[in-house]
Amino acid sequence: MKTVDLRSDTVTQPTAAMRDAMLSAPLGDDVFGDDPTVNALQQRIAELLGKEAALFVPSGTQSNLVAIMTHCGRGDEYLVGQMAHTYRWEAGGAAVLGSVQPQPIEHQPDGSLRLADIEAAIKPDDAHFARSRLLALENTIGGKVLPMSYMADATALAHKRGLAAHLDGARLFNAAVELARGTGNDAKTQARAIAQHFDSVSVCFSKGLGAPVGSALVGSKEFIARAHRWRKMLGGGMRQAGVLAAAALHALEHHVDRLADDHARAKRLAAGLASLPGLTVETPQTNIVFADLAGDRAATLMPFLKSRGVLATGLYKLRFVTHLDVNDDGVDRAIAAVREHLAS
Ligand SMILES: *Cc1c(COP(=O)(O)O)cnc(C)c1O
């Protein structure tokens, strides 16, 4: 029985075509700037997102940390969502390694940070306060898509008040696929339209795009030059990294538009789960389905699902993530396993 792994979109295996691209990639020592495949990827993602330069990094966590440390110095602060990855899920790196104080802000139900809350959190220039330097947003955030107009308004506010704006776009292309609907844009054009509002953007190749490893940070030439030094200090200088960059290039070429399939499967999964008793299911906007299970059934659900070859997570809520390696049959098996547990 093949496992249906819905824990995260990070669990994908490289496709055969992606492995071929990795095997045949020309390589060099990227610490010397010599890896042609890394250089090609950096150029491609920078162009695609309408920025001057890009830096290939081992993880999204390092990409965000490098970005924050490049925007902010010791004693500065960044404004960030209470549930944002950069704040909650990155082990406090900005504070520990960057001496940068986070100023968390409560999210609205749609994942956004209220403009008035952002405004109120920006500190006056006064010796009592940390210097507010950066607004960090995330899109998608918990699988939800922040609208274009919101990103425009929030970043305009940041810029007006002298703050830079960073986007944690680990799932930027999932957001772009949804925001492109009805605009006549393709997902890549939409991703560029998103990126134009931000001074820096981090994207993950290892989430829905299906590459095994790697993220990129994009921004101005000057910004990326300074980011490069932090990447080195944080241990992110990799040598023949083109073997990984090749997978990312392949993913950009072949795996962006298909994210719409993951979103359709998430909707199929949500609809199936919503029909079951005792489950409250949020309608997914992209590839992440959240559900609440009433009563004491929740504790035994995960082991039961596992016994049926279905994996999910349940830290705050039940979470199911669709991706490249989940087909319609896998979705239906997940629904059937949950149904079986609730009926038992
Ligand atoms: C996964 C994720 C990251 C971090 O990526 P890693 O490669 O796992 O370090 C950052 N931000 C968001 C929103 C993510 O989902």
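Please read all numbers here as calculations on a predicted model, not as lab measurements.

Draft legend 1. Broad picture of the site of the ligand. Around the ligand, the neighbouring residues are Ser59, Gly60, Thr61, Asn64, His85, Glu90, Glu138, Asp168, Ala170, Arg171, Cys204 and Lys207. One nitrogen or oxygen atom from the side chain of Thr61 is found 2.6 Å from an oxygen atom belonging to the ligand. A distance of 3.0 Å is found between an oxygen atom of the ligand and a side-chain nitrogen or oxygen belonging to Arg171. For the ligand, the protein covers 83% of the area, taking 370 Å² as the surface of the free molecule. Looking at which element gives the most residues to the shell around the ligand, the answer is helix H3 (residues 60-71), with three residues. Grouping the amino acids of the shell around the ligand by side-chain chemistry returns two nonpolar, five polar and five charged.

Draft legend 2. Broad picture of the nonpolar core. Ile45, Ile118, Phe173 and Phe205 are the most contacted members of the largest nonpolar core, which has 57 residues in total. With 25 residues, the next largest nonpolar core counts Val281, Leu305, Val310 and Val338 among its residues.

Draft legend 3. Structural detail: the sheet that holds strand E4 (residues 101-105). Spatial ordering of the open sheet is given by E2-E8-E7-E6-E5-E3-E4, a layout of seven strands whose pairing is mixed. Whereas interior strands pair on both sides, the edge strands pair on one side only; in this sheet they are strand E2 (53-57) and E4. When the angles between neighbouring strand axes are averaged without regard to direction, this sheet yields 20 degrees. As paired strands, strand E5 (residues 131-138) and strand E6 (residues 164-169) are joined by five bridges and run parallel to one another. For Leu135, the partnering residue across the bridge sits in E6 and is Ala165.

Reading the values: the criteria
- Residues numbered from 1 in each chain as written.
- Predicted model: local features only at pLDDT ≥ 70, side-chain atom pairs only at ≥ 80, totals over all residues.
- Heavy atoms only, no water.
- Near = heavy atom within 4 Å.
- Polar contact = N/O pair within 3.5 Å; in protein donor to acceptor, adjacent residues only side chain to side chain.
- Areas by Shrake-Rupley, 256 points an atom, 1.4 Å probe, with all protein chains shown as cover.
- Helix = DSSP H or I, 4+ residues; strand = E, 2+ residues; numbered from the N terminus.
- Nonpolar A, V, L, I, M, F, W, Y, C, P; charged D, E, K, R; others polar.
- Core = buried A, V, L, I, M, F, W, Y, C linked by side-chain atoms within 4.5 Å.
- Buried < 20%, exposed > 50% of the residue type's maximum accessible area, 1.4 Å probe, protein only.
- Pairing = 2+ DSSP bridges.
- Axes fitted to C-alpha atoms, helices over the stretch in contact; angles between N-to-C directions.

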